[in-house]
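Examination of the molecular architecture
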Amino acid sequence: MRKNNLISVVVIIGLVFAASIWYARNNGLLPVAAGDEAVLYDGLFNTILAIAFGFFLIVEGVLIYSIVKFRRRQGDDTDGPAIHENLSLEIVWTAIPTVIVMWVAIYSFDVYTAMQGSQNLDAMAHGGMHQTVAKHERGGMPASKATLASSNSDGTLMAGTMPAGGDDVVAIDVSAMQFAWIFNYPNEIATAELHVPVGKKVRLNMTAVDVLHAFWVPQLRIKQDVIPGRETFLEFTPRVVGEYPVVCAELCGSYHGGMRTTMVIDTPEDYQAWLKEQQEVASNDPEAIVASRPTSHMSDREYLAGKVTHLGMEMASKK
Ligand SMILES: [Cu+2]
């Protein structure tokens, strides 16, 4: 390669590199990162985006260059050069993507582990073991039905093997139903809106009353299925005070699209004040207590009637 060519290749690669990093930092494709996990996730997303954008520029650049440079000139009817193979080129263009893909895989798994993804895998493995026991006791009944049956008859869930949150963790029980979220805090507080304090680890222990739902907050970059008869959980650490949407991300019925609420990340003082306020509501409002009780003694209709009344009062009392 001539010296001039080498210099222009180096300059072009440098420019592509700079453009990729600039685009990864300024793409504006993601909403605000409201949790510590979201920051990790964005690091991964932006890195992959930078790599993809760099390759896009190189591939499209070479394409456009070739279209111009090697176009057919007037009166030129000769054949192109017959090139069969170029072993070193093939080795290079196989090795580079292999290294990149392996590195991205390791980086992704690292972020996944940091976001408690593998804890959920462990919990699922335990849930599976539990179901096998249930199947045994019930004389070969399908595992999922056995689990459902037990959660209906005694009001407790089979997944009792989940690791519980420690003292420094804000643990909130979430129950999903067609078509609402109920958040149960200690002291019989039940609300339709999720409040969490900034800077403290939050653990949501989730289960569904009826069908599959999924808890999703785009600004936290986390999503978890909520499953009838089995407990799943999500852990995150809020970092930006504000209001964010909670969206059901699993088609769960005719009003699935309306199954939304708000997650409010409060300052610690606001959070305590809110909890106190909810405590007063709960102790003066019999429906609020009903909403947080086990459902074993009620039919579904009675259970939901309690919720609906409570939700109505919640919304009215906020204004
Ligand atoms: Cu849903």
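As the structure is a computational prediction, the values presented were derived from the model and not from experiment.

Overview of the overall build of the protein chain
Per the secondary structure count, the protein chain includes eight helices and 10 strands. Expressed as a percentage of the 319 residues in the protein chain, the buried residues total 34%. Long-range contacts, defined here as pairs at least 24 residues apart, represent 68% of the contacts in the protein chain between residues at least 6 apart. In the form shown here, the protein chain has an accessible surface area of approximately 19,400 Å², with 62% of it arising from carbon and sulfur atoms.

Comments concerning the sheet that holds strand S10 (residues 260-266)
Spatial ordering of the open sheet is given by S4-S10-S9-S6-S7, a layout of five strands whose pairing is mixed. A single partner strand is all that each edge strand has here, and the edge strands are strand S4 (194-197) and strand S7 (222-226). Between one strand and the next, the sheet's axes are offset by a mean angle of 25°, whatever the strand orientation. Where strand S9 (residues 242-248) meets S10, six bridges bridge the pair, whose relative direction is antiparallel. Across the sheet, the residue bridging to Gly 242 is Ile 265, located in S10.

Observations regarding the sheet that holds strand S3 (residues 189-191)
By way of backbone hydrogen bonds, the strands of a sheet pair with one another, either parallel or antiparallel. Taken in spatial order, the five strands of this open sheet run S3-S2-S1-S5-S8, and their pairing is mixed. One side of each edge strand has no neighbouring strand; the edge strands of this open sheet are S3 and strand S8 (232-236). Put simply, the sheet's adjacent strands are angled 25° from each other on average, direction ignored. Here five bridges tie strand S1 (residues 169-177) to strand S2 (residues 180-185), and the two strands are oriented antiparallel to one another. Paired with Val 174 across the two strands is Phe 183, which belongs to S2. Helix H6 (residues 268-284) rests against S1, S2 and S3 of the sheet, and its axis sits at about 100° to S3.

Brief notes about the pattern of salt bridges
According to the stated counting rule, one finds four salt bridges in the structure shown. Among the salt bridges present, the one from Arg 221 reaches Asp 42, with a minimum N-O distance of 2.6 Å. With Arg 221 in the loop between strand S6 (213-217) and S7 and Asp 42 in helix H2 (residues 36-69), this residue pair connects regions lying 179 residues apart in the sequence. Judged on exposure class, the residue Arg 221 and its partner Asp 42 are both buried. The partner of Arg 72 in a salt bridge is Asp 77, and the shortest N-O contact between them spans 3.3 Å. Pair check on accessibility: Arg 72 and Asp 77 agree, each one exposed. One network of salt bridges, in which partners are shared, links Lys 201, Arg 203 and Glu 235.

Details of the coordination of the copper ion
For the copper ion, the full set of protein donor atoms is His 213 (ND1), Cys 248 (SG), Cys 252 (SG) and Met 259 (SD), at a range of 2.1 to 2.4 Å. If you list the donors of the copper ion from N- to C-terminus, the spacing comes out as H-x34-C-x3-C-x6-M. Of the two residues, His 213 sits in strand S6 while Met 259 sits in the loop between S9 and S10, which places them 46 residues apart along the sequence.

Thoughts on the UniProt feature "transmembrane region" (unreviewed entry) in the protein chain
With numbering aligned to this structure, UniProt lists the feature "transmembrane region" (unreviewed entry) at residues 7-24, 44-68 and 89-109. Within the segment residues 7-24, helix and strand shares are 100% and 0% respectively, and the terminal C-alpha atoms sit 26 Å apart. Along residues 44-68, the helical share is 100% and the strand share 0%, with 36 Å between the first and last C-alpha atoms.

Describing the layout of surface pockets
Size it by volume and the largest pocket reaches roughly 1,200 Å³. In this structure, the largest pocket is lined by 34 residues; those nearest its centre are Ile 12, Ile 13, Val 16, Ile 58 and Val 62. At the level of elements, helix H1 (3-26), H2 and helix H3 (87-114) are the ones that each hand at least two residues to the lining of the largest pocket. The greatest single-element share of the lining of the largest pocket, amounting to 14 residues, is contributed by H2. Grouping the amino acids of the lining of the largest pocket by side-chain chemistry returns 22 nonpolar, 10 polar and two charged.

Scoring rules and cut-offs
Once a new chain begins, its residue numbering starts again from 1 and follows that chain's sequence as written. Given that the model is predicted, a residue must reach a pLDDT of at least 70 before its local features are reported, and side-chain atom pairs must reach 80 or more before they are shown or counted; all residues, however, enter totals for whole chains, interfaces and linings. For side-chain calculations, the full set of non-hydrogen atoms in the structure is used, while hydrogens and water are omitted. Numbered from the N terminus, helices here are DSSP runs of H or I no shorter than four residues, and strands are runs of E no shorter than two. Only protein chains enter the calculation, and the probe is 1.4 Å; a residue is then buried if its accessible area is under 20% of its type maximum, exposed if over 50%, and partly exposed in between. Should any heavy atoms of two residues lie within 4.5 Å, those residues are counted as being in contact. Computed by Shrake-Rupley with a 1.4 Å probe, the accessible areas treat only the displayed protein chains as cover when residues are assessed. Any two strands between which DSSP finds at least two bridges are classified as paired. For helices, the fitted line uses only the C-alpha atoms of the stretch in contact; every axis is such a line through C-alpha atoms, and the angle between N-to-C directions lies from 0 to 180 degrees. Definition used for salt bridges: Asp or Glu carboxyl oxygen within 4 Å of a side-chain nitrogen of Lys or Arg. Only nitrogen, oxygen and sulfur atoms count as donors, using a 2.8 Å cut-off from the metal that widens to 3.2 Å for Na, K and Ca. Water is left out, so coordination shells may look unfilled. UniProt positions are given in the numbering used here, feature names are shortened, and annotations may be inferred rather than shown by experiment. Using a grid of 1 Å spacing that covers the protein atoms alone, one calls a set of points a cavity when a 1.4 Å probe fits there but cannot get out, and a pocket when the set is open and has protein on both sides within 12 Å along at least five of seven lines; lining residues are those with an atom within 4 Å of a point. Grid points are joined across faces, edges and corners, and a volume is the space filled by probe spheres set on the points. Classification convention: Asp, Glu, Lys, Arg as charged; Ala, Val, Leu, Ile, Met, Phe, Trp, Tyr, Cys, Pro as nonpolar; all other residues, Gly among them, as polar.

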